[in-house]
Amino acid sequence: MSQVVIIGAGVVGACCALTLLSDGHDVTLVEPGEPGGAQSASFGNGAWLSTASVVPMSLPGLWRNIPRTLLERDGPLVIRASALPRLAPWLLRFLAAGWRIEAVERTARALAALLGDAPARHQALAQAAGVAHLVVRSGLTYAYPSRAHFEAEAIAWRLRQAQRVIWRELDADDLRSHTPALAPSYTFGIEVPAGAHCRNPGAYVAALVSLARSRGARWVSGSVTGLVIEQGRLRAVRVGAGEAVPAEFAVISAGIDAASLARQAGCAIPLESERGYHIVLPAEGLSMRTPLMPSDGKMAVTQTEQGLRISGQVELASRSAAPDWRRAEVLLRHARRLFPALGFPQSSDAIPRWLGHRPSTPDGLPVLGACHPSGQVVCAFGHGHVGLAAAPASAELIGDLIAGRTPRIDPQPYRVSRFAGA
Ligand SMILES: Cc1cc2nc3c(=O)[nH]c(=O)nc-3n(C[C@H](O)[C@H](O)[C@H](O)COP(=O)(O)OP(=O)(O)OC[C@H]3O[C@@H](n4cnc5c(N)ncnc54)[C@H](O)[C@@H]3O)c2cc1C
C-alpha cells in the first residue's frame, strides 16, 4: 500500500481520502483552511445532488445567445470586460466544446457516469459519517412560466432523456401543492424524483474529513507549495516554506488552485473560475416539497440548515477580483419575484452572502488521471458546476487508477491529455 498525499480537503479531496483509506493506503490530507470552510467551493454551492446535471454549459448555438444574455440586467451570466483578453483562449475552447451536438452527447454521457448514482453514494457517505440527516432524497424540481419555456430547452431535456434521467411534468396545480408560496407566474414544472440535496454542504464535508481522520488519515494544516520530483519520481509534497511530506502518490484536489500544481508536474490544464454567489434568506414557514430551479433565474433555491439558500450566477472575471455584490442583488431580486408574499429584505447588505469559485474546464468535464509520466501525480479537479454531486464517483475512479485496477468508470473522457498543447 502507498503513501498518498491529498492536496486540498474540499468535497473531492474528502471523498478521495475515504476511498483511498478503504483500499488500505496511508493517507495524508493537506489543507490550509477548515475542511468545508468558506474558502472552498464545497461550502457555498447550490447543494444539489442532481442526476440531471448532465447538460454541459456549452451547447450548440449558445454563441448566438451570449450577446443578449450579457445585456440582461438580471441575467445568469456576466463577463468582466477587463478579464476578456486573458479569458479568450478558455472561452474559445468553451464554445468549441459545445459546437457540435455529438460532442455534447459524449459530455453528457461522461457526466452521467459520475452523477447517475450520486444520491445513493452521498446517502451512504453521510450515514457512515454520522450526518445522515444532511442528505435528503426528496427529488429536485425545475419551474417554468409555461410549457413553452420548457420546450425552449428541448436540447437539454433530450440530453437528459438519453442518459435515462426520469422526470414527471407538473401543471400549475401540482406546482402550487409543491410550493404554495411560489409566484403564480410559474405554471409548469418538471420534477426529477431521483435527485437529492444536502442541507449543509460545509458541515457535510467537515464530517467526511472527520470520518477520514478517525479511520487513520493524517491532517496537515497548510498550503502545498511544490511537488518534490527527483529523477522522474515524485518523492514528497512541500507544505508552506518548510515541511516536505513524503509521498508515493499526490492527488491534486485543490479546486480552483489546482492548475498551478498540475503545471509543476508538466501539465497545462485550462482551468478558470466560473465565479458564483449565494445569499441566505430567512424562510422558516416556507413549505417546499423539493428544492427548485426557476428557469429565468437559473439559480438553485434550496432549504438548508442556515436558511433558504439562493445560489447561482456565472461571473467570468479574474480569480482575485473583489466580489461584485450586485450579483447577490440579482439573486435577491429573483427570490423576491419567486416568492412575492414572503417579504424578503430589499437589499443583500444585511444577509449572509458568499462568493465562490467553480473550478471549470472548458469542456465541462473534470480532469481525473495522472499528469506526470511516473503516474504518481494524479489530478482530481475541474468539476465546475457538479463537483458536490460527482465527488464520490470521481473518488472511486481515482482509487482505481492509484490501485492499478481496471476502473469501472471509463477514465477516457476525463484524461489529462485531452488538453495536450493547452
Ligand atoms: C455558486 C455555486 C453553486 C454550485 N452548485 C452546485 C450544486 O448545486 N451541485 C454540485 O454538485 N456542485 C455545485 N457547485 C460546484 C461545486 O461546489 C464544486 O465543483 C466543488 O465544490 C469542487 O470541489 P473541490 O473539492 O474540487 O474544490 P473546493 O471545494 O474548492 O476545495 C478545494 C480545497 O483545496 C484547498 N487548497 C487550495 N489550494 C491548496 C494548496 N496549495 N494546498 C492545499 N490545499 C489547497 C482549498 O483551501 C479548498 O479547501 C457550485 C459551485 C458554486 C460556486
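Here the structure is a predicted model, which is why all the values come from computation and not from measurement. Per-chain numbering applies: the sequence of each chain, read as written, is numbered from 1 onward. Side-chain atom pairs in this predicted model are given and counted only at pLDDT of 80 or more, local residue features only at pLDDT of at least 70, and totals for whole chains, interfaces and linings cover all residues. The basis for the side-chain values is all heavy atoms of the structure; hydrogens and waters are excluded.

Student: Go over the site of the ligand, please, and point to the residues and values.
Tutor: Being near a molecule or strand, for a residue, means having at least one of its heavy atoms within 4 Å of it. Taken together, 38 residues lie near the ligand, and Glu31, Ser42, Gly46, Val224 and Ala389 sit nearest. Taking glycine 384, its main chain carries an N or O atom lying 2.9 Å from an oxygen atom of the ligand. Protein coverage of the free-state accessible area of the ligand, which is 1,000 Å², stands at 94%. Each helix corresponds to a stretch of at least 4 residues labelled H or I by DSSP, and each strand to a stretch of at least 2 residues labelled E; elements are numbered beginning at the N terminus. Those elements that place two or more of their residues in the shell around the ligand are α1 (11–22), β2 (26–31), α2 (41–44), β15 (272–281), β19 (353–360) and α13 (387–403). Element by element, the count of residues in the shell around the ligand is highest for β19, at four residues. Here the term charged refers only to Asp, Glu, Lys and Arg, the term nonpolar to Ala, Val, Leu, Ile, Met, Phe, Trp, Tyr, Cys and Pro, and the term polar to all other amino acids, Gly among them. Looking at the shell around the ligand residue by residue, the class counts come to 17 nonpolar, 18 polar and three charged. Throughout this description, a polar contact denotes any pair of N or O atoms lying within 3.5 Å of each other; where both atoms belong to protein, one of them has to be capable of donating a hydrogen while the other can accept it, and for residues adjacent in sequence the pair is counted only when both atoms sit in side chains. For the area figures, the Shrake-Rupley method with a 1.4 Å probe applies, and any residue is considered shielded solely by the protein chains shown.

Student: Just give me the short version of the pairing of β15, but keep the residues and values in it.
Tutor: Only protein chains enter the area calculation, which uses a 1.4 Å probe; residues under 20% of their type maximum are buried, those over 50% are exposed, and those in between are partly exposed. The buried count for β15 comes to ten of ten residues, which makes it a mostly enclosed element. What you see with β15 is no split at all: Glu272, Glu274, Gly276, His278 and Val280 on one side and Ser273, Arg275, Tyr277, Ile279 and Leu281 on the other are buried throughout. Sheet topology places β15 next to strand β18 (residues 307–316); six bridges connect them, and they run antiparallel. Directly across from histidine 278, in β18, lies its bridge partner serine 311. Paired strands, as defined in this entry, are two strands with at least two bridges between them according to DSSP.

Student: I'd like a rundown of helix α8 (residues 154–162), residues and numbers included.
Tutor: Every α-helix winds through 3.6 residues per turn, so residues three or four apart in the chain are directed the same way. Taken together, the buried positions of α8 are Ala156, Trp157, Leu159 and Arg160. The arc that holds the buried residues of α8, viewed along the axis, is 155°, so those residues lie on one side. The outward face of α8, more than 90 degrees from its buried face, is lined by the exposed residues Arg158, Gln161 and Ala162. Immediately beyond the C-terminal end of α8, within one or two residues, lies arginine 164, with a positive phi of roughly 60°. Here the arc refers to the directions that run from the helix axis out to each C-beta atom.

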